[in-house]
Amino acid sequence: MTLKLQDDSLIVSQAFINGDWVDADSDETLDVSNPATGELISKVSKCGTAETRRMIEAASVAQKSWAKTTVKERAALLRRWFNLIMENQEDLAQLLTAEQGKPLAESRGEIAYGANYVEWFSEESKRVYGDIIPQPSNDKRVMVIKQPVGVVACITPWNFPNAMLTRKIAPAIAAGCAVVCKPANATPLSALALMVLAERAGFPAGLVNILTGRTADIGAEMTSNPLVRKVTFTGSTPVGKQLMAECAATVKRTSMELGGNAPFIVFDDADIDSAVQGAMISKYRNAGQTCVCSNRILVQSSVVEEFTAKFTEAAKQLVLGNGDKEGVTVGPLIDQKAAVGVCEFIDDAVAKGATVVMGGGMSSLGGYFVEPTILANVSRDMRVFSEEIFGPVAPIFTFESEDEAIEMANDTEFGLAAYFYSRDVGRVYRVAEQLEYGIVGINEGIISNEMAPFGGVKESGSGREGSKYGMDDYMDIKYMCVGGIDK
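Heads up: these notes are all about the structure in this document. Keep in mind that what you see is a predicted model, and the values were worked out from it rather than measured.

Conventions used here
Residues numbered from 1 in each chain as written. Predicted model: local features only at pLDDT ≥ 70, side-chain atom pairs only at ≥ 80, totals over all residues. Heavy atoms only, no water. Helix = DSSP H or I, 4+ residues; strand = E, 2+ residues; numbered from the N terminus. Rg over C-alpha atoms; globule rule 2.2 N^0.38 Å. Buried < 20%, exposed > 50% of the residue type's maximum accessible area, 1.4 Å probe, protein only. Phe/Tyr/Trp six-rings, centres within 6.5 Å; stacked < 30°, edge-to-face > 60°. Lys NZ or Arg CZ within 6 Å of the ring centre and 35° of its normal. Axes fitted to C-alpha atoms, helices over the stretch in contact; angles between N-to-C directions. Parallel < 35°, antiparallel > 145°, perpendicular 65-115°, else oblique. Left-handed = near helix turned anticlockwise from the far one by under 90°. Contact = heavy atoms within 4.5 Å. Nonpolar A, V, L, I, M, F, W, Y, C, P; charged D, E, K, R; others polar. Expected span 1.5 Å × (residues − 1). Arc of directions from axis to C-beta.

A closer look at the overall build of the protein
And then number 1: Scanning the protein from N- to C-terminus turns up 14 helices and 20 strands.
And then number 2: Computed over its C-alpha atoms, the radius of gyration of the protein comes to 23 Å, within 12% of the 23 Å expected for a compact globule of 487 residues.
And then number 3: Dimensions of the protein along its principal axes, counting C-alpha atoms only, are 75 × 60 × 40 Å.
And then number 4: Expressed as a percentage of its 487 residues, the buried residues of the protein come to 55%.

This is the structure in structure tokens:
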């Protein structure tokens, strides 16, 4: 497959280690294909343990020098990277759509969204404050400072291959850390292109390193190597648990953004048209392949008929197809396994009595395309209630009371994002405070931005990305007690 980019040098296949583009020691490669067409886009180096160890060692050396830079130097470097990302937004979007499948409009939005984290943390680097604490006695002074945690290992997923990387690298660099990265093998080109732009921005050798390849081997080296002081991961809960267990041996800091099972609650006093609009963008963005997308739509019984009718009418306007085609609003799933898995959710629900309102299975387009689907008459014994669907399937449940809605919403081991629509100000506060989630969208279907803390509770992970809180995950707090003051 030939991509029509303005700058073909953004397409690279090698690993980036200590400022050099290098092949895997074995010269083995991985195929990168377009999920919409199955066409081969490129091949990338298939690295393993040895290459991972070298990049960690390079990062350890670079971090010691980088930690001594001023915050203005860090801010200037990140700002140059931000400018280059935005200057190359269209090429990066084309690349993202080709390897991931999402519609081009969404890809352009992701590039801007990811760049916003770089801009934000370039500014936040200047606002890492410590404290002067009242002393316990007159001969002492008590101070607290924040210092970089050290080498950070980033492991990122395929659904947002640009933004998931920038929102980890940017705060790490701003804090004075060095970074080693492992993007998803399905979508490595977006990540490698970001490194091309980082090199152009003037990143010192070893400050940011990236490779693709043997996931288990690379991950094991990252979690066991004592030079790595923090691991940050976005992905599934089972993999997150495994990484946390592996990090325990060297007591590494971790931040985990894991799976979700987001409820989208529509109360009887909601603006139904607004709720439909919010549900559409929350459910079908990126073909439902987002960790914060609506997984269970809970509608109060008195308005379920109205909501379902309007939601179905809106969903009929969706256009399924290749993300690079004009007018397409829903692209393919990432691979065959994902497509089959989503259809199995539909089959399970139908077998247990659900009604297919729209869609219902694989599209006639073939490949990895699953029809945007709406299910009614669903019940809590179906997999769509308890498991993350990660596809364009919207199951509509009903509830009678506010208490029942809250109980249903919280009946999950996950706690990443939740949404609800209500025009009752008292209900807004009551429900928002009782939902066991790290993020709550109230009368809003899009909740992510660089100025707000992104992260979950329960088995959806720990730590926060973005906002002023996002720097804390990359800093150590040091207490300094100075004695002998009154002598």
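Considerations on the packing of aromatic side chains
And then number 1: Across all of its chains, the model carries eleven aromatic pairs by this definition.
And then number 2: Centre to centre, the rings of Phe267 and Phe420 are 6.2 Å apart; their planes meet at 85°, and the pair counts as edge-to-face. Of this pair, Phe267 sits in the loop between strand E12 (262-266) and helix H9 (272-284) while Phe420 is found in strand E17 (residues 417-421), placing the two residues 153 residues apart along the sequence. Accessibility classification places Phe267 together with Phe420 in one group, the buried group.
And then number 3: Ring-pair connections join several aromatic residues into one group, and the members of that group are Phe264, Tyr419 and Tyr421.
And then number 4: Its end group placed over the ring of Tyr474, Lys230 keeps NZ or CZ at 5.0 Å from the ring centre.

As for the packing of H9 against helix H10 (residues 304-315)
And then number 1: At a minimum axis separation of 9 Å, H9 and H10 run at an interaxial angle of 50°. Here H10 runs oblique to H9, going by the angle between their axes. In this structure, the crossing between H9 and H10 has a hand that is right-handed. Together, Ile272, Asp273, Ala275, Val276, Ala279, Met280 and Tyr284 of H9 and Glu306, Phe307, Lys310, Phe311, Ala314 and Ala315 of H10 make up the contact between the two elements.
And then number 2: Of the residues contributing to the contact of H9 with H10, the split by class is ten nonpolar, no polar and three charged.

Here's the deal with H10
And then number 1: Compared with the 16 Å implied by 1.5 Å per residue over twelve residues, the 16 Å span of H10 between its first and last C-alpha is a close match.
And then number 2: Considered for burial, the residues of H10 that qualify are Val304, Phe307, Thr308, Phe311, Thr312 and Ala315. Down the axis of H10, the buried set is contained in an arc of 125°. They therefore lie on one face.
And then number 3: Looking at the packing, one finds that the buried side of H10 touches E12, H9, strand E13 (294-300), strand E14 (355-358), strand E15 (373-376) and strand E16 (393-399).

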